[in-house]
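Residues per chain are reported as follows:
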Amino acid sequence: MATEGFVEDGNLEAIISRIEQKSRKIESLLKQSKPVEALKTALEGSPLKTRDERCKSANWIVVHRAIMAIKDVDAMFSYLDPEYYDILMKYLYRGLATGDRPTCDQCLKIHEKLTEKAGLGCILRSLSDTVNTV
């Protein structure tokens, strides 16, 4: 039986399938030099309400690929809608937790600009939300 608000185990294969489709779309966008669109696509439909680490890891790989493709962080925020800010912050913290130097450097650059743009509330919402985890 699933915990209230979380995805049941029977849906995990469908989630993985959607993540794989999303990954192919992101690769296509990156080949077209559309990193912000790739990031938006990566953040959309993130499997927030699953506790399955396989789903979370698969989606992190997709989001990480898009985050690392961002070259101009300032320009990114010209095109990234505020609706993505909180989920992006969650993934930035996941990236920082990896300890990988290039990932951490990129996440810190984006974190600085995101905090300037979205304010401290974005950080607080990301850290205090224990239901929607990445």
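Position numbers for residues count from 1 along each chain, tracking the sequence in the order it is written. With the structure being a predicted model, the display of local features is reserved for residues of pLDDT at least 70 and the display and counting of side-chain atom pairs for 80 or more, all residues being used for whole-chain, interface and lining totals. Only hydrogens and water are set aside; all other atoms, that is, all heavy atoms of the structure, feed into the side-chain values.

The protein is annotated in an unreviewed UniProt entry as Actin-related protein 2/3 complex subunit 5 of Canna indica. UniProt positions are given in the numbering used here, feature names are shortened, and annotations may be inferred rather than shown by experiment. In its Subunit (unreviewed entry) section, UniProt records this for the protein: "Component of the Arp2/3 complex composed of ARP2, ARP3, ARPC1/p41-ARC, ARPC2/p34-ARC, ARPC3/p21-ARC, ARPC4/p20-ARC and ARPC5/p16-ARC." Here is the UniProt Sequence similarities (unreviewed entry) comment for the protein, exactly as written: "Belongs to the ARPC5 family."

Undergrad: I would appreciate a short explanation of the overall build of the protein in the present structure.
TA: When you go through the protein residue by residue, the secondary structure sums to 7 helices and 0 strands. Strands are runs of DSSP state E lasting at least 2 residues, helices are runs of H or I lasting at least 4, and numbering of each runs from the N terminus. Scanning the protein from its N terminus toward the C terminus, one meets helices and strands in the order α-α-α-α-α-α-α. In this treatment the radius of gyration is a C-alpha quantity, and the globule benchmark scales as 2.2 Å times the residue count to the 0.38 power. The C-alpha radius of gyration of the protein comes to 15 Å, within 12% of the 14 Å expected for a compact globule of 134 residues. Based on the C-alpha atoms only, the size of the protein along its principal axes is roughly 45 × 35 × 30 Å. Using a 1.4 Å probe on the protein chains alone, a residue whose accessible area is under 20% of its type maximum counts as buried, one over 50% counts as exposed, and one in between counts as partly exposed. Expressed as a percentage of the 134 residues in the protein, the buried residues total 41%.

Undergrad: Even after reading the chapter, I still don't get the environment of Lys71, so can you show me in this structure?
TA: Following the sequence through the fold, Lys71 ends up in the loop between α3 (53-69) and α4 (73-79). Expressed as a C-alpha distance, the spacing of Lys71 and Ala38, which sit 33 residues apart in the sequence, is 13 Å.

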